[in-house]
Amino acid sequence: MEHIRTTKVEQVKLLDRFSTSNKSLMGTLYLTATHLLFIDSSQRETWILHHHIAAVEKLPLTTSGCPLVIQCKNFRIVHFVVPRERDCHDIYNSLLQLSRTAKYEELYAFSYNPKQNESEQVKGWQLIDLAEEYKRMGVPNANWQLSDANRDYKICETYPRELYVPRTASKPIIVGSSKFRSKGRFPVLSYYHKNKEAAICRCSQPLSGFSARCLEDEHMLQAISKANPSNRYMYVMDTRPKLNAMANRAAGKGYENEDNYSNIRFQFVGIENIHVMRSSLQKLLEVSGTKGLSVNDFLSGLENSGWLRHIKAVLDAAVFLVKAIAVESASVLVHCSDGWDRTSQVCSLGALLLDSYYRTIKGFMVLIEKDWISFGHKFSDRCCQLDGDPKEVSPVFTQFLESVWNLTEQFPQAFEYNEAFLLQIHEHVHSCQFGNFLGNCQKEREELKLKEKTYSLWPFLLDEQKKYRNPLYNANFSPELTLLEPNTVSFNFKFWRNMYHQFDRSMHPRQCVFNLIMNMSEQNKQLEEDIKELEAKIKQRNGQSSAVLVKEHQQSAHPAPVALKTPPSFQKEQPLIPVNDAVRTIEGSNTADNRYSEFVAEFSKAEPAVVSLEYGVARMTC
Amino acid sequence: MEFAELIKTATVESVLLSCVGLPAVKGTLCITSHHLLLSSCPGGDSQPGTVELWLLIRNVDAVEKRVQNLGWYQPPRTNGSPRDTRLAGSSGTITLRCKDLKVLQLEIPGMEECLNIASSIEALSSVDSVMMMYPFFYRPQSLKLEEGWNLFPLEQYFQQIASQTSRWRLSDVNRDFTTCPTYPPAVIVPAAVDDDALRKAARFRQGGRFPVLSYYHPKNGTVMLRSSQPLTGPNRKRCREDEMLLGTVLDEGERGFIIDTRSAQAAKQARMTGGGTEPKSSYPRWRRLHRPLERGRPLQESFIKLVEACNDTSINMDRWLSRLESCRWLSHVKAALSTACLAAQCMDREEASVLVHGAEGTDTTLLVTALAQVILDPSCRTLVGFQGLLEREWIEAGHPFHLRCARSAYSHARLKQEAPLFLLFLDCVWQLSRQFPFSLEFGEHLLLTLFDNAYASDYGTFLCNNEKERCLCKVKETTHSLWAWLNQPGEKKKYLNPLYSHNALVIWPSVEPQSIQLWQGLFFRWIRSSQYLDEAWAEIERLVEGNKPPVKESAGNRLSQSLSDPAARTENER
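The name that an unreviewed UniProt entry assigns to chain B is Myotubularin phosphatase domain-containing protein, with the source organism given as Accipiter nisus. Under the UniProt heading Sequence similarities (unreviewed entry), the entry covering chain B gives this text: "Belongs to the protein-tyrosine phosphatase family. Non-receptor class myotubularin subfamily."

The name recorded for chain A in an unreviewed UniProt entry is Myotubularin related protein 6, from Accipiter nisus.

Caption draft 1: Inspection of the overall build of chain A at higher detail. Of regular secondary structure, chain A possesses 22 helices and 16 strands. Contacts in chain A between residues far apart in sequence, at least 24 positions, make up 70% of those at least 6 positions apart. Carbon and sulfur atoms provide 50% of the accessible area of chain A, an area that totals close to 26100 Å².

Caption draft 2: A look at the environment of Pro489(B). Mapped onto the fold, Pro489(B) is located in helix H19 (residues 489–492). Along the chain, Pro489(B) and Trp526(B) lie 37 residues apart, while their C-alpha atoms are 28 Å from each other.

Caption draft 3: Molecular detail of the nonpolar core. Core analysis: the largest hydrophobic core is formed by 253 residues, its most contacted members being Phe364(A), Trp320(B), Trp329(B), Phe386(B), Phe425(B) and Phe523(B). The element best represented in this core is helix H9 (residues 307–326) of chain A, accounting for 14 residues. Apart from residues no more than four positions distant in its own chain, Phe364(A) is found in contact with Leu352(A), Tyr357(A), Tyr358(A), Phe400(A), Leu401(A), Val404(A), Tyr417(A), Phe421(A), Leu422(A) and Ile425(A). In this structure, Ile7(B), Leu29(B), Leu53(B) and Val60(B) belong to the second largest nonpolar core, which totals 27 residues.

Caption draft 4: Representation of the state of the cysteines. The full count for this structure, using the stated rule, is 0 disulfides over all chains. The thiol of Cys201(A) is unpaired, and the distance to the nearest cysteine sulfur, on Cys203(A), comes to 8.5 Å. Of all cysteine sulfurs in the structure, the one in Cys327(B) sits closest to Cys310(B), which takes part in no disulfide; the separation is 7.6 Å. Taking the relative accessible area as the measure of exposure, Cys310(B) reaches 0% and is therefore buried.

Caption draft 5: Looking closely at the sheet that holds strand S11 (residues 222–226) of chain B. Residues and elements named next belong to chain B. Reading across from one edge, S10-S11-S14-S12-S13 is the order of the 5 strands in this open sheet, with mixed pairing throughout. Edge strands, defined here as strands with exactly one partner in the open sheet, are strand S10 (212–217) and strand S13 (286–290). Strand after strand, the sheet turns through a mean of 20 degrees between neighbouring axes, direction not considered. Bridge count for S11 against strand S14 (residues 353–357) is 3 bridges, and the pairing is parallel. Counterpart to Met224 in the pairing with S14 is Val354. Taken strand by strand, helix H11 (residues 364–376) contacts S10, S11 and S14, and its axis lies near 155 degrees from that of S11.

Caption draft 6: Structural view of the confidence of the model for chain B. For chain B, the average pLDDT comes to 87, and 90% of its residues sit at 70 or higher. Counting contacts from residues 80–87 of chain B, a segment whose pLDDT is below 50, to residues more than four positions away or on other chains yields 5 contacts.

Caption draft 7: Region of the structure containing the packing of helix H4 (residues 171–179) of chain A against helix H5 (residues 215–226) of chain A. Residue and element names in this part refer to chain A. Between H4 and H5, the least distance of the axes is 7 Å, while the angle of their chain directions is 115 degrees. Crossing geometry of H4 relative to H5 is assigned as left-handed. Together, Pro172, Ile173, Gly176 and Ser177 of H4 and Glu216, Asp217, His219 and Met220 of H5 make up the contact between the two elements. For the contact of H4 with H5, the residue count by class is 3 nonpolar, 3 polar and 2 charged.

Caption draft 8: The arrangement of the UniProt feature "binding site: substrate" (unreviewed entry) in chain A in detail. All names here are of chain A. UniProt's entry tags Asn273, Ile274, Cys336, Ser337, Asp338, Gly339, Trp340, Asp341 and Arg342 with the feature "binding site: substrate" (unreviewed entry), counted in the numbering of this structure. These annotated residues cover 70 residues of sequence, but their C-alpha atoms sit close together, with the largest distance between any two at 12.1 Å. Tracing the sequence through the fold places Asn273 in the loop between strand S13 (264–268) and helix H7 (274–288). Once residues within four sequence positions are removed from consideration, Asn273 is found in contact with Asn244 and Arg342. Of the polar contacts made by the side chain of Asn273, one reaches the backbone nitrogen of His275; its length is 3.1 Å. Looking at the secondary structure, you find Gly339 in the loop between strand S14 (331–335) and helix H10 (342–354).

The rules behind each value
Numbering of residues starts from 1 in each chain and follows the order in which that chain's sequence is written. Working convention: letters from A go to chains and numbers from 1 go to ligands, in the order in which they are written. It should be noted that, the model being predicted, local features are given only for residues of pLDDT at least 70 and side-chain atom pairs only at 80 or more, the latter also being counted only at that level, while totals for whole chains, interfaces and linings use all residues. Computation of side-chain values: all heavy atoms of the structure, hydrogens and water removed. UniProt positions are given in the numbering used here, feature names are shortened, and annotations may be inferred rather than shown by experiment. Only DSSP runs of H or I with at least four residues qualify as helices, and only runs of E with at least two residues qualify as strands; both kinds are numbered from the N terminus onward. Note on contacts: a residue pair qualifies if any of its non-hydrogen atoms lie within 4.5 Å across the two residues. Computed with the Shrake-Rupley method and a 1.4 Å probe, the accessible areas treat only the protein chains shown as cover for residues. Nine residue types can take part in a nonpolar core, namely buried Ala, Val, Leu, Ile, Met, Phe, Trp, Tyr and Cys, and a core is a set of them joined through side-chain atoms within 4.5 Å. Each residue is assigned to one of three classes by its accessible area relative to the maximum for its type, calculated with a 1.4 Å probe on protein chains only: buried under 20%, partly exposed between the two thresholds, exposed over 50%. By disulfide we mean two sulfur atoms from cysteines, separated by a distance within 2.5 Å. One requirement defines pairing of two strands: DSSP has to find at least two bridges between them. Lines are fitted to the C-alpha atoms to define the axes, a helix being fitted only along its stretch in contact, and any angle between axes, read from their N-to-C directions, falls within 0 to 180 degrees. Each residue carries a pLDDT value, the predictor's own confidence for that position, ranging from 0 to 100. Handedness of a crossing follows from how the near helix is turned relative to the far one, being left-handed for an anticlockwise turn of less than a right angle and right-handed for a clockwise one. Charged means Asp, Glu, Lys or Arg here, nonpolar means Ala, Val, Leu, Ile, Met, Phe, Trp, Tyr, Cys or Pro, and polar covers whatever is left, Gly included. Within 3.5 Å is the distance limit for a polar contact, defined as a pair of N or O atoms, with the added protein rule that one can donate a hydrogen and the other accept it, and that residues adjacent in sequence qualify only through two side-chain atoms.

Have a look at this one:
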């Protein structure tokens, strides 16, 4: 609180970031300990969580006031004009302080109180149980076992305590192998395909340098191949570009030498590193945030950013992995450098393509808990939860969500969840409101006592799962273990407008098919239930009335309650029709929302009229 | 000319047909005067064959042939029957690239047959005489010839306007097509202007296309007019009648906009060749806005480049995006939508009347006026209303379909006057349908069908360049109308949008590049499988169907009956 000097500023203007005229909303800005709140004159509220703020910028003073631009991690950009420079300066300084947190304990999650009691909190954290998940996959079994080697985080600090390894991999092999791998991240099981008996394993790069070998590591890989009875060889996927992997050799790291490992097939798949991804997103946002963008500038900017190329590379890698498992029944070991960024992307997407469970709402939560949270994707560093090294920030998890979104576009009926679910998860990865994504690894999370001091996001999402349900989901589309085979041809990758322009309302379709369908399917379900209920009542009643007839009206009171009950449940369907219409009505579609709109023709004024066709915007200045 | 002369080989057996996404089939290939047929007979010659392909030859845009003469080569597909070995010596492949963007391959045994077939298709597909085209021969049993030809008389459209204002009249000054050869016989003009003045004004406009009413905006009584460029020429000629005609459109003190679909510079340059624009001094109450829209050859090339890029499925992401950019198609979509929005905005928001023209007034002009009406007028967004709009603003208004749609994106022939303006219009309408999915009564399927039929059709609707030609060719008397076929109850259902609900508002689209999408349903129709998308769409239809009130009622009735009369049922059961 000591950072807040001004809590309320009146007469603040909120500008539309794409408008070429200075159309704006007037309102009041409030600064709280956790949020920045803007209430406009029509009482609409815009809440911005301090943790969501990625950058605050004060622009040069103008005649109307002091502009303040706030960029958020959820890609919201707000542009305020504060009338007095001193207020603007105060808010700017406060936000700068509030958006930078030095200690985990200061994050919102530690003060957020959703009014749950302790047992609810505990139950919430137990909702996702990874031991249960491995059981579902079919391990432990004859070939795979739970290893207690990392029970005290002694072998690898960034791995979870419970790890599954081949039965033939003894403790000395594990220890030896871990010493030969970057950050001790030795090969462990990520996903087991019970029909093919093939496994997705993950690790970090070997410390091979130019010639180093490690017998234990070679044994480890052999153990993984042998744990697959249906195939002799296994794939080793290095998800880095070959050049990067080779450069690592100079630093004593590198990749597996095929000559030293028996029966491996080694493959580079060429996903770029976190720094390339960070600057790619930066470029993408620069382009998409440009005012009055032309189609050609947009497309060339999209191309120059390389963003879609990277998304395609990630999905292509996952497709390669899936083919090895589904077509050749071969196990695959995936790694990159440290094995927590690209490896997490490829392993989780691979599993998502292989196993329809991960395409359900609960399954997707499990997938994120397993491949991202438990295996130590550095959420804190990558999402800049604490004020830290800006070079560690990278949109790796965002890319994963975007890849999933691309799949949902290609397979509209295969996923139980919808786009809103992905967006909501993205929101909370950055919000620091729930404990799940805090910290960089499980060990750190235990030290922070997150399960006692914070709440888990998943039960809250599950509570409102109605919002996240895909109304077109067809469980029969993908029975257990049905493979999705996406087409990764370039034109199938599209700019994710609803992610990067989620808060720019004027860009979206004015009528949402999804909401309509969702409501319809809800209503249909409700009606079907009503029908069932009524039919049950008919049966019951028929049974009763025959009983009544037999008993010759001895208990004539009996069927009466049924008759009385029926009308209310029957009336249910009447209000449905107007509800239906209400859903269909569109939001006000307004020229002012669109880019050709700043068209002020004032005939009364003197000529000449200068009309410019800048960026397809019809603008007339007199 | 006899078609038979053009057909060198009428039938070939054992032809292998393949196209992307479908299994190859073998069968007998037949060429008739208008069709290419391939029927397969899996059960031997005695069984009736199933027709695998029924292709209108007019639909063929380019024929590419490749022959192999490999004596030692045994094609892997033959299984040693005597006839097959005889043919194994040579074979050829014909690739047919169609105007609807489909690509077919025919593998034909025998080099000579292959060459004959290819040249027959080439000859038949380039027959340019309108009267020889298939619509003049097509006689479906379910339709009557005269059906659908007079569904949207201009008189009817005029009556709607006349019921609200008496400032307009229906003129038959062009009844014998002498005033303007590309206008229909009847046009709507200001009531205060007599036919004589119209004739004089026509002489001042290119091709005689004097300003006529295109749309009356009932909300505020403003109008949209269209014309061709005025023939000001280098000497800045004037025409009192033309000035008067435009003057009477505006009330005292009112001003109007002229939207010129050329750049200011291009409009100025047009003066050198006798054209030009309305000078401010002669039309003081009209303000000119220049909104350059691409037309003609550059537009056709844009279309060709886009289709090329779409067909190259092996290109990487960067290459794809750069080709999508360099073809500029989406820029044209954005420009067309923005200009139409501008016109709509002038009328709806600024309450000013608008005159739209480019040079000839038959291409970009119609694109803008038609699109503005879809945006403004809910009655143009119904299935029937949209047909009426096309009839009024494209067909009768004299968009030269025969010239513009003679060739599509694959043709190797030298380009003459081809340009995909109609396709651009359909694409813009598709963009609207994506942004307002409940506001158009028709779906993507209709837009695709219209595209197909504009380029090659069984029906006469899109034949010829204008009404005068249609009269001369007796199109309305001797061909069937596409609308008659579309509006048959069974057929109509396919084109309806299940999500439609009447929306009386103006639909203002977003024209940000992030909001404009490539029309995958058209450009990738034959390239990628849309199975999952189609299934999802079928599910949407099912859900909507299940949600319709009648269904609910019937279920409700069934239940309420049985509930209300339990005694009757128990008695029956007993």
